[in-house]
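# Inside the fold
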Amino acid sequence: MGGEVVEESADPAPGGGPRASSSRPKLTVLPLIALIFFDVSGGPFGVEDSVGAGGGPLLSLLGFLLFPLLWSVPEALVTAELAAGFPANGGYVLWISSAFGPFWGFQEGLWKWASGNLDNALYPVLFLDYLHPSLSPAARAAALATITAALTFLNYRGLHIVGLSAILLAAFSLSPFLALALLALPKIQPRRWLALDLRRVNWRGYFNSMFWNLNYWDKASTLAGEVEDPTRTFPRALYGAVVLVVASYLIPLLAGTGAMDGSRTGEWTDGYFAQVGMVIGGPWLRWWIQAAAAMSNMGLFQAEMSSDSFQLLGMSEMGMLPAFFAMRSKYGTPTISILFSATGIIFLSWMSFQEILEFLNFLYALGMLLEFAAFIKLRIKKPDLHRPYKVPVGTLGVVLLCLPPAFLLILVMCLASARTFIVSGSVMLFGALLYPAIEYMKRGNWVKFISTSVPSQSSFESAQTQEQAVDEASVNLLPDRSSGKTETEDPEIDLEGVLKVE
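For every chain, the first residue of the written sequence is number 1, and numbering continues from 1 along that sequence. Note on the predicted model: pLDDT of at least 70 is required for a residue's local features to be given, and 80 or more for side-chain atom pairs to be given and counted; whole-chain, interface and lining totals, by contrast, use all residues. Neither water nor hydrogens contribute to the side-chain values; these are computed over all heavy atoms in the structure.

With that out of the way, let us pick up the overall build of the protein chain. Numbering of helices and strands runs from the N terminus; a helix is a DSSP stretch of H or I covering at least four residues, while a strand is a stretch of E covering at least two. Regarding its fold elements, the protein chain presents 17 helices and zero strands. When a residue's accessible area, from a 1.4 Å probe over protein chains only, is under 20% of the maximum for its type it is buried; when over 50% it is exposed; and in between it is partly exposed. Out of the 502 residues in the protein chain, the part that is buried amounts to 58%. Restricting the contact set of the protein chain to residue pairs at least 6 apart, pairs at least 24 apart contribute 83%. Contacts: residue pairs with any heavy atoms within 4.5 Å of one another.

Below is the structure:
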């Protein structure tokens, strides 16, 4: 388990190159935990703003205790059920298409891809800021392009390489904070954790910081087709990632805010953990934290790039995008989709951190609201859908599970600036116009599309049933007390009919 290699037989893909089933390693539990960790977090770098914007440590610590329960756990549970039920590339695009049809599936794909590219545009900039913050504009632009190209090439070389590198990068990124926590123990004064100045609270900044540091739990679902035994691997990996992410935030925050002078609350902004390391451990710990931050941004970029590119591949295989997006390299990676995502990142890297943060949060919130709605609709309209992992609650429980995160999503959207509403509205309008334009191109045979032959959910089930005779309760994040029956076939969920162009 974890780093083991699983080989499968070769089979050409419709877009060119090998399919996901070609002879090469697939992701197992440990690499997937690392990728989800980087999709969501990457370590405590960036959580410093929650202390400054929250007017002290109290709101920050409460936020990272309560937000995971109200937001992260529900999103992880929804992702576990739907990713296990639809183990194919494209992830949430497939779920939304099944629940609401291909138009809304396409909109979901556009919103989440745009949000992901905005998110990924941050990481080369942050990587450079940690290593060379004083470059000239021309040198900075050249360095950003070089870093993006180098990290993109690593993604091109194979998803299993990305997964294994994510494990190493996660270990290195978190290691200085174990040292920080141990050195801070004798200096911690618990009363400092209770500091709060309501006059200095910036609610927009606080909620955006919390939301950004705890979102994207669903992102890895877009490469479910590259995961070994996804119906069991995804729930396990999500459980492990939730624990890892929450611990990676709370332990450094408890150590830093408990050991540092409370009068320095206003200094807690991005990058302040390096100063905390300097005060608590000395120059060696500061440099270690700065190096870890730089390496973390590499892991964040790799995880986001993998998810975004395999999402485009999945949409191409569903017939939503031209066939060339599904073309794979000899390493099994989606070449054109990777290059397309990398180009978007370079164009977006000129934006400011706060602008990117608000834009990506708004678009991500739109997509998540649609995912929660699809989760509820599939439970109601398709109760006999085969669910290898099922959240152990009924219809009312599903609705109650989705209400708190939906409220948080709407709150974050309401706090957005007018500029964010305009930009996000433009993206939505573009998506609404792009879908019929692509359908027109498809009907006119302007560009080659893969014929819409998306595998039915029952075909996922039958393929998995031949290999698995395991106790499904062993993969649950929560004990499954439901008595729902297991069907051998579900004719309703054949997505070929759902996605077919009339």
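That covers the picture; the talk isn't over yet.
Moving on, we come to the UniProt feature "transmembrane region" (unreviewed entry) in the protein chain. UniProt positions are given in the numbering used here, feature names are shortened, and annotations may be inferred rather than shown by experiment. Following the UniProt record, the feature "transmembrane region" (unreviewed entry) maps to residues 59-80, 92-114, 161-185, 237-260, 334-353, 359-379, 391-412 and 418-438 here. A distance of 31 Å separates the end C-alpha atoms of residues 359-379, which is 100% helix and 0% strand. Counting secondary structure, residues 418-438 comes out at 100% helix and 0% strand; the distance between its end C-alpha atoms is 30 Å.

As a further point, take the packing of aromatic side chains. In summary, the pairing rule links any two rings of Phe, Tyr or Trp, Trp by its six-membered ring, whose centres are within 6.5 Å, and it sorts them by plane angle into stacked for under 30 degrees, edge-to-face for over 60 and tilted for everything else. Taken as a whole and judged by the stated rule, the model has 28 aromatic pairs. Between Phe-37 and Phe-38, the ring centres sit 5.2 Å apart and the planes meet at 65°, which makes this aromatic pair edge-to-face. For the pair shown, Phe-37 and Phe-38 are each scored as buried. With 5.4 Å between their ring centres and 90° between their planes, Phe-103 and Tyr-435 make a pair best called edge-to-face. Within this pair, whereas Phe-103 is found in helix α5 (residues 102-131), its partner Tyr-435 is found in helix α15 (residues 418-443), the two being separated by 332 residues in sequence. Residue Phe-103 is classed as partly exposed on the basis of its relative accessible area, which comes to 28%. One aromatic cluster is present, formed by Phe-45, Phe-177, Trp-268, Tyr-272 and Phe-273 through successive ring pairs. We call a charge positioned over a ring when the NZ of a Lys or the CZ of an Arg lies within 6 Å of the ring centre and within 35 degrees of the ring normal. Lys-112 extends its terminal NZ or CZ atom over the ring of Tyr-92, reaching a point 4.1 Å from the ring centre. Over the aromatic face of Phe-449 sits the side chain of Lys-442, whose NZ or CZ is 5.3 Å from the ring centroid.

So, about the nonpolar core. In this structure, Ile-36, Trp-71, Trp-217 and Phe-273 are the most contacted members of the largest nonpolar core, which totals 144 residues. Once you skip the residues sitting within four places of it in the chain, Ile-36 turns out to touch Trp-217, Ala-220, Ala-237, Leu-238 and Ala-241. Residues grouped as a nonpolar core are buried Ala, Val, Leu, Ile, Met, Phe, Trp, Tyr and Cys residues, joined through side-chain atoms within 4.5 Å.

The bulk of non-glycine residues show a negative phi, and the bulk of peptide bonds are trans. One non-glycine residue, Tyr-216, adopts positive backbone phi at about 75°. With respect to the helices and strands, the residue Tyr-216 is situated in the loop between α8 (203-213) and α9 (230-259).

Attention now goes to the confidence of the model for the protein chain. Values of pLDDT, which run from 0 to 100, indicate the predictor's confidence residue by residue. With 82% of its residues at a pLDDT of at least 70, the protein chain reaches an overall mean of 81. Put simply, helix α17 (residues 495-499) is where the protein chain has its lowest mean pLDDT, 46, and helix α4 (residues 92-100) is where it has its highest, 93. Here residues 1-22 is a poorly scored stretch, pLDDT under 50, and it has 60 contacts once near neighbours within four places are set aside; other chains count. Note that pLDDT drops below 50 for residues 461-502; the model gives that stretch 77 contacts with residues more than four away or on any other chain.

Salt bridge, as applied in this entry: a Lys or Arg side-chain nitrogen positioned within 4 Å of an Asp or Glu carboxyl oxygen. Throughout the structure, instances matching the rule amount to eleven salt bridges. Here Lys-112 makes a salt bridge to Asp-218, at a shortest N to O gap of 2.4 Å. Linking Lys-112 in helix α5 with Asp-218 in the loop between α8 and α9, this pair joins segments that are 106 residues apart in sequence. By relative accessible area, Lys-112 is classed as buried at 0%. For Asp-218, a relative accessible area of 0% corresponds to the buried category.

It is worth spelling out α4 at this point. Burial within α4 is extensive, with eight of its nine residues counted as buried. Burial in α4 covers these residues: Tyr-92, Val-93, Leu-94, Trp-95, Ile-96, Ser-97, Ser-98 and Ala-99. Looking one or two places after α4, you find Gly-101, whose phi comes out positive at around 100°.

A word on the packing of helix α1 (residues 29-40) against helix α11 (residues 283-317). The geometry of α1 relative to α11 is characterised by a closest axis approach of 8 Å and an angle of 100° between their N-to-C directions. Accordingly, the angle class assigned to the pair α1 and α11 is roughly perpendicular. Here Leu-35, Phe-38 and Asp-39 of α1 come into contact with α11, specifically with Ser-296, Gly-299, Leu-300, Ala-303, Glu-304 and Ser-307. For the contact of α1 with α11, the residue count by class is four nonpolar, three polar and two charged. The angle between two axes is taken between their N-to-C directions and runs from 0 to 180 degrees, where each axis is a line fitted to C-alpha atoms and a helix contributes only its stretch in contact. Throughout this description, any angle smaller than 35 degrees is read as roughly parallel, any larger than 145 degrees as roughly antiparallel, any in the 65 to 115 degree range as roughly perpendicular, and the remainder as oblique. Under the scheme applied, nonpolar residues are Ala, Val, Leu, Ile, Met, Phe, Trp, Tyr, Cys and Pro; charged residues are Asp, Glu, Lys and Arg; polar residues are all the others, including Gly.

Here Ala-224 lies in the loop between α8 and α9. When its relative accessible area of 0% is taken as the criterion, Ala-224 is described as buried. Spatially, the C-alpha atom of Ala-224 lies 8.2 Å from that of Phe-234, the residues being ten residues apart in sequence. If near-sequence neighbours (up to four positions away) are discounted, Ala-224 is found in contact with Phe-86, Pro-87, Ala-88, Asn-89, Pro-230 and Phe-234.

This next bit is on helix α3 (residues 57-85). For an α-helix, the turn length of 3.6 residues means that residues three or four places apart are oriented alike. Multiplying one less than the number of residues by 1.5 Å gives the expected span of a helix. An ideal rise of 1.5 Å per residue puts 42 Å on 29 residues; α3 measures up with 40 Å between its terminal C-alpha atoms. Bend at a given residue is defined as the angle between two axes, one fitted to the seven residues that end at that position and one fitted to the seven that begin there. The sharpest bend along α3 measures roughly 45° and falls at Pro-68.

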